[in-house]
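Listed below, chain by chain, are the residues.
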Amino acid sequence: MARWLARLMDAQDGWVQPLGTWAHGLLHRFFHWVPGLRDLLNGRWLGHPVHALLTDAPIGMLFLTIVLDVVGQPVAAEIALGLGVLGMVAAAAAGLADYSDTDGRARDRATLHASVMLVALVIYLASLVLRLTGDPSGAGVIWLSILAFLVLAAGAFVGGDVVYVNGNMVDRHAFRGTGTKWISLEPSETNADGSIPEGKLVRARLGVNTLVLVRDGDRILALHDTCAHAGGPLSGATYADGIVECPWHGSRYRMSNGHVIQGPSVYDQPAYEVRARDGGGWEARRQA
Ligand code: FES
């Protein structure tokens with residue numbers, strides 16, 4: 001079933017990709033013009049994507065609309081439908097902020113998801129207008145709500161694909177252990193005396209992981225090289241005043257502890273302690 005549905009979604013690429021290129025360009029410019037609003041809608045303040053939270057309320061409200069229609073409570077159904085529509089609009093705002101920094105396959109799927117949700121929203125609005133201007137318990141408006149819910153469910157399935165299959169807005173370090181063992185660190189570049197260059201980002205191998213280091217006076221600050229947002233290489237980032245900025249979408253992290261201080265990432269970056277090893281060289285371990 002999942003393979004068949006994936007083929008069905010792939011078959012939409014002919015219109016999804018050009019629409020996505022256009023919509024993404026527009027939204028990217030808008031949200032990068034108001035980074036504070038983007039951070040708010042992404043959920044950096046919460047440490048969790050806001051879109052995922054906001055989708056639950058409207059789906060519940062809109063399902064309740066069907067139940068209330070079926071048991072003959074048209075006024076309550078109207079209220080639930082109105083709240084559901086408002087919830088959809090709020091969820092869409094958060095989703096569009098995430099979308100403005102989404103690339104590749106995830107963007108294609110997210111474009112399809114947003115398009116299907118827009119169709120559901122238009123049908124719901126039609127149902128709401130008909131309820132407010134005509135017979136709120138008429139069969140037509142009730143069937144319209146049921147049709148809209150089926151479209152909404154299809155859109156939710158595609159949205160699930162964006163996250164669970166394409167990993168959009170999933171922490172790139174979700175499965176990384178928090179080992180406390182000191183491990184030998186191999187910087188890609190050192191000064192002639194073996195020290196780490198001052199104020200310059202340097203890649204380093206730590207077992208199977210790649211870190212990015214910078215010397216700050218006597219301290220060596222280190223983060224994992226893979227950006228928590230979508231895997232961008234922080235060793236290719238810009239660095240100033242103790243802050244590293246990802247080259248892909250501009251997430252900013254504090255080098256000393258990995259705290260995210262600007263999205264689109266909503267997750268902190270794994271930070272490491274670094275010390276000189278007895279006998280020369282360096283070793284590191286993940287911060288608690
Ligand atoms: S990969 Fe998106 S901000 Fe780093």
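Note that the structure is a prediction, hence the values are computed from the model and not measured.

**Student:** Lay out the pairing of strand E1 (residues 183–187) in plain terms, naming residues and giving numbers.
**Tutor:** One ladder, built from 3 bridges, connects E1 with strand E10 (residues 282–286); its direction is antiparallel. Bridging from a neighbouring strand, Leu185 pairs with Trp282 of E10. Two elements, E1 and strand E2 (residues 202–206), share 3 bridges in a ladder whose sense is antiparallel. Within E2, the residue paired with Leu185 across the bridge is Leu206.

**Student:** Give me the environment of Val122: which residues, what numbers.
**Tutor:** Following the sequence through the fold, Val122 ends up in helix H7 (residues 104–133). Sequence-wise, Val122 and Leu41 are 81 residues apart; in three dimensions their C-alpha atoms are separated by 23 Å.

**Student:** Now, about the sheet that holds strand E8 (residues 260–262): what can you tell me, with residues and values included?
**Tutor:** With antiparallel pairing, 4 strands are arranged side by side in an open sheet as E5-E6-E7-E8. Looking at which strands have only one partner, the edges of the open sheet turn out to be strand E5 (238–240) and E8. On average, each strand axis in the sheet is tilted by 30 degrees relative to the strand beside it, whichever way the strands run. Two elements, strand E7 (residues 252–254) and E8, share 2 bridges in a ladder whose sense is antiparallel.

**Student:** Could you give an account of the domain arrangement of the protein, naming the residues involved and the relevant values?
**Tutor:** Looking at the assigned domains, one finds that the protein contains domain 1 (2–165) and domain 2 (183–286). For domain 1 and domain 2, the distance between their C-alpha centres works out to 38 Å. Here the residues of the side of domain 1 that touches domain 2 sort into 3 nonpolar, 4 polar and 4 charged.

**Student:** Describe in detail unusual backbone geometry, supporting the description with residues and values.
**Tutor:** Gly263 connects to Pro264 through a cis peptide bond whose omega is 20 degrees. Within the secondary structure layout, Pro264 lies in the loop between E8 and strand E9 (271–276). Look at Met169: it is not a glycine, yet its phi comes out positive at around 65 degrees. For Met169, the position within the fold is in the loop between helix H8 (139–165) and E1. What makes Met169 buried here is the crowd of 26 C-beta atoms within 10 Å.

**Student:** Report on helix H3 (residues 35–42), specifying residues and quantitative values.
**Tutor:** Listed in full, the buried residues belonging to H3 are Arg38, Asp39, Leu41 and Asn42. Here the buried face of H3 lies against helix H2 (13–33), helix H4 (50–54), helix H6 (74–99) and E8. Backbone geometry just downstream of H3 places Gly43 in the positive-phi region, at approximately 105 degrees.

So, how was this worked out
What you see as residue numbers is a count from 1 along each chain, following the sequence as written. Given that this is a predicted model, residues contribute local features only at a pLDDT of at least 70 and side-chain atom pairs are listed and counted only at 80 or more, while totals for whole chains, interfaces and linings are drawn from all residues. Paired strands are those between which DSSP finds at least two bridges. We count a stretch as a helix when DSSP gives it H or I for four or more residues in a row; a strand needs E for two or more, and each element gets its number in order from the N terminus. Whenever a helix is involved, its axis is fitted only over the stretch in contact; in every case the axis is a line through C-alpha atoms, and angles between N-to-C directions fall within 0 to 180 degrees. Domain start and stop points were drawn from an automatic or database domain assignment. Gly counts as polar in this scheme, as do all residues outside two lists: the nonpolar Ala, Val, Leu, Ile, Met, Phe, Trp, Tyr, Cys and Pro, and the charged Asp, Glu, Lys and Arg. Think of it as a crowd count around each C-beta: if 20 or more other C-beta atoms lie within 10 Å the residue is buried, if 12 or fewer it is exposed, and in between it is partly exposed, with C-beta placed from the backbone throughout. Two residues qualify as being in contact provided that their C-beta atoms, derived from the backbone, are within 7 Å of each other.

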